[in-house]
Protein chains: 2
Amino acid sequence: MSRIYVVGLGPGDEIFRTKEADAALKAADIICGYTLYADLIREQFPEKEFFTTGMRGEEKRCAWAVETAKTGKDVAVICSGDSGIYGMACLIWEMAEKAEDVEIIVVPGVTAAVSAAARLGAPLGHDFCVISLSDLLTPWEVIEKRLFAAGLGDFVIAIYNPSSKTRADYLRRACEILLKEKSEDTPCGYVRNIGREGEEMKILSLRELMDAEVDMFTTVIVGSSSTKVIRDHLVTPRGYHRWK
Amino acid sequence: MSRIYVVGLGPGDEIFRTKEADAALKAADIICGYTLYADLIREQFPEKEFFTTGMRGEEKRCAWAVETAKTGKDVAVICSGDSGIYGMACLIWEMAEKAEDVEIIVVPGVTAAVSAAARLGAPLGHDFCVISLSDLLTPWEVIEKRLFAAGLGDFVIAIYNPSSKTRADYLRRACEILLKEKSEDTPCGYVRNIGREGEEMKILSLRELMDAEVDMFTTVIVGSSSTKVIRDHLVTPRGYHRWK
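Residues numbered from 1 in each chain as written. Chains lettered and ligands numbered in written order. Predicted model: local features only at pLDDT ≥ 70, side-chain atom pairs only at ≥ 80, totals over all residues. Heavy atoms only, no water.

J.: Hey, could you go over the side chain of D74 of chain A for me, with residue numbers and the actual values?
T.: All names here are of chain A. Assignment of secondary structure puts D74 in the loop between α3 (58-70) and β4 (75-79). Of the buried charged residues, D74 lacks a salt bridge, with R3 as the closest side chain of opposite charge at 6.0 Å. With residues near it in sequence (within four places) discarded, D74 still touches S2, R3, A27, A28, D29 and I30. (Helix = DSSP H or I, 4+ residues; strand = E, 2+ residues; numbered from the N terminus. Buried < 20%, exposed > 50% of the residue type's maximum accessible area, 1.4 Å probe, protein only. Lys, Arg positive; Asp, Glu negative; His and termini not counted. Salt bridge = Lys/Arg side-chain N within 4 Å of Asp/Glu carboxyl O. Contact = heavy atoms within 4.5 Å.)

J.: Which residues make up the relation of the copies chain A and chain B, and what values go with them?
T.: Rotating chain A by 180° and moving it 0.0 Å along the rotation axis overlays it on chain B with an RMSD of 0.0 Å. What the rotation and shift describe, once combined, is the action of a two-fold rotation axis. (Least-squares fit on C-alpha atoms with pLDDT ≥ 70 in both.)

J.: Break down the state of the cysteines for me, with residues and values.
T.: Residues and elements named next belong to chain B. Throughout the structure, instances matching the rule amount to zero disulfides over all chains. Cysteine C62 shares no disulfide, and the gap to the nearest cysteine sulfur, in C32, comes to 6.8 Å. A relative accessible area of 0% means that C62 is categorised as buried. (Disulfide = S-S within 2.5 Å.)

J.: Give a description of the sheet that holds strand β5 (residues 102-107) of chain A that names residues and reports values.
T.: Residue and element names in this part refer to chain A. Spatially, β3-β2-β4-β1-β5 is the arrangement adopted by the five strands of the open sheet, whose pairing is parallel. Each edge of the sheet is formed by a strand with only one pairing partner; in this case those strands are β3 (49-53) and β5. In this sheet, adjacent strand axes meet at a mean angle of 20° when their direction is disregarded. Pairing of strand β1 (residues 2-8) with β5 involves six bridges; the strand directions are parallel. Bridge pairing links V6 to V106 in β5. The strands that α3 touches are β1, β2 (30-34), β3, β4 and β5; relative to β2, the one it contacts most, it runs at about 170°. (Pairing = 2+ DSSP bridges. Axes fitted to C-alpha atoms, helices over the stretch in contact; angles between N-to-C directions.)

J.: Describe the interface of chain A and chain B, with residues and values.
T.: Listed per partner, the contact involves 72 residues of chain A and 72 residues of chain B. Inspection of the chain A/chain B interface yields 12 salt bridges. Across the pair E14 of chain A and K19 of chain B runs a salt bridge, and its minimum N-O distance is 3.1 Å. Residues of the side of chain A that touches chain B, tallied by class, amount to 36 nonpolar, 17 polar and 19 charged. Across three bridges, the pairing between strand β7 (residues 128-132) of chain A and strand β7 (residues 128-132) of chain B is antiparallel. Across the sheet, the residue bridging to C129 of chain A is C129 of chain B, located in β7 of chain B. (Nonpolar A, V, L, I, M, F, W, Y, C, P; charged D, E, K, R; others polar.)

J.: How would you explain the nonpolar core if you had to name every residue and give the values?
T.: Within the largest apolar cluster, 54 residues are counted, with the highest numbers of intra-cluster contacts made by L209 of chain A together with L209 of chain B. Not counting residues within four places of it along the chain, the set of residues in contact with L209 of chain A comprises L171, C175, C188, Y190, L204, V220 and V222 of chain A. Within the second largest apolar cluster, 38 residues are counted, among which are I85 and Y86 of chain A together with V114 and Y160 of chain B. (Core = buried A, V, L, I, M, F, W, Y, C linked by side-chain atoms within 4.5 Å.)

J.: Can you lay out empty space enclosed by the protein for me, pointing to particular residues and giving the numbers?
T.: Any space left empty among the atoms is revealed by the rolling of a water-sized probe across them. Enumeration over the complete set of coordinates arrives at three cavities of 30 Å³ or more. Its volume calculated, the largest cavity comes out at about 50 Å³. In terms of lining, the largest cavity is formed by S132, S134, L136, L137 and T138 of chain A together with H126 and R238 of chain B. Taken together, the residues of the lining of the largest cavity break down into two nonpolar, four polar and one charged. The computed volume of the second largest cavity comes to approximately 40 Å³. The wall of the second largest cavity is formed by I85, T111, A113, V114, F128 and V130 of chain A together with I85, T111, A113, V114, F128 and V130 of chain B. (1 Å grid on protein atoms, 1.4 Å probe; cavity = no way out; pocket = protein on both sides within 12 Å on 5 of 7 lines; lining within 4 Å. Points joined across faces, edges and corners; volume = space filled by probe spheres on them.)

J.: Can you explain the environment of G84 of chain B? Please cite residues and give values.
T.: Positionally, G84 of chain B belongs in the loop between β4 (75-79) and α4 (89-95). Accessibility expressed as a relative area gives 8% for G84 of chain B, which makes it buried. Spatially, the C-alpha atoms of G84 of chain B and M216 of chain B are 19 Å apart, while their sequence positions differ by 132 residues. In this structure, G84 of chain B is in contact with L124 and G125 of chain A together with A89 and C90 of chain B, ignoring residues within four places of it in sequence.

J.: Run through the sheet that holds strand β6 (residues 121-122) of chain B, naming residues and quoting values.
T.: Residues and elements named next belong to chain B. Strand order in this open sheet of three strands is β6-β13-β12, and the pairing throughout is mixed. Of all the strands in the sheet, the pair left with one neighbour each is β6 and β12 (228-230). Sheet topology note: the β6/strand β13 (residues 233-235) ladder contains two bridges and is parallel. Pairing of A122 across the sheet is with V235, part of β13.

J.: Quick rundown of helix α1 (residues 19-27) of chain B? Include the residues and the values.
T.: Those residues of α1 of chain B not exposed but buried are E20, A21, D22, A24 and L25 of chain B. Residues of α1 of chain B that are buried make contact with α1 (19-27) of chain A together with β1 (2-8), β2 (30-34), α2 (35-41), β4 and β5 (102-107) of chain B.

Encoded structure:
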């Protein structure tokens with residue numbers, strides 16, 4: 001029985017990868033992924049065969065991985081961050097629905113919400129939501145509904161894909177929805193290029209976030225009503241408890 | 001300047017740990033944590049000094065870590081899963097508010113929502129919430145409000161601390177709230193003892209989940225309206241897109 005490993009690499013650098021991910025990459029006959037992510041690991045696995053495609057080549061890569069695994073080869077499909085959270089694991093499961101002789105092993109990784117939170121302090125110390133602002137595959141009304149519900153529930157919110165060239169005002173629109181339930185002084189933060197060269201982070205208010213310049217390599221975190229700023233970092237205490 | 005590393009170990013086994021976590025444990029003079037988690041790594045670091053306390057000893061451990069770091073020693077505070085998500089990072093930041101000469105480094109790890117999702121398939125393929133049912137530090141009304149909002153937003157939901165001896169019916173109460181917005185056929189799943197001996201998982205409907213026997217070592221995932229079951233695994237496609 002051949003295998004497809006769907007591997008979360010974590011943020012950029014090798015140091016953020018789990019040993020399970022390394023073991024899966026080592027075990028695979030071929031590594032398959034988006035060109036940019038493949039380049040991140042090529043040096044570490046010089047003996048491996050690679051199959052890469054560019055941006056938006058997800059379906060092509062996954063279809064190729066399933067067909068190749070059917071021929072008896074073990075394939076590792078790589079994703080940045082986690083392999084399941086907006087990652088390739090879903091597409092692989094969908095495409096391998098009938099390929100019962102191919103075993104699918106999802107190898108988790110540190111997703112951007114978690115690595116961005118670590119840089120910003122401890123904003124995910126209590127209940128939170130993860131929402132992508134990309135409407136490439138999701139109607140904007142669904143995204144709006146989720147933003148509203150996340151505000152209503154007083155969740156901390158991690159926002160993926162906050163902006164792109166064709167969606168320059170999406171973060172502003174998201175902030176406007178969140179402001180229906182959240183104070184404009186709510187502490188927020190963002191991290192750009194986590195674990196890569198040029199990493200930068202900023203702590204700011206929800207009001208300031210509206211005009212922040214973010215790109216598709218940025219992860220944004222919006223606090224809950226109990227999130228506070230300590231030593232220029234975001235902290236959401238667990239519950240409403242206070243130690244003293 | 002001394003350091004406190006707040007380190008997420010990931011689920012049980014060493015293989016799920018990042019290299020960054022290992023490096024932090026190695027760099028620290030003393031490792032501090034809950035006895036059970038300390039025992040998981042003791043063998044790997046036989047030369048290290050350990051400071052451990054039992055369950056609910058969080059505040060004592062964190063206060064000890066801050067005081068010890070103030071004396072110039074580097075301390076690693078360990079957490080299972082991630083160090084920020086319901087982890088010790090918040091408490092360390094709060095307690096070290098005035099200890100400006102102690103540098104705090106949060107080292108992220110694979111949290112239970114992500115590792116459980118990987119075992120169950122790819123349920124977190126689209127927007128999701130993480131909610132703890134523990135009312136030890138959070139009023140039950142806040143938890144109820146969040147469950148309701150999560151249902152309203154049609155999020156996939158990862159539930160932490162779904163039950164304990166004193167809260168035997170909490171998961172049932174949570175399911176009742178979710179059923180206001182979600183169908184009773186919604187695909188759900190749970191994983192017990194992720195990455196540890198005796199790991200077990202189950203796929204079931206929201207109706208069946210109401211009567212499931214879960215404990216505090218179980219992570220539960222409740223699907224969204226687009227979550228489906230493929231080859232006995234949960235899959236939430238990204239958006240409402242269908243490849244063909």
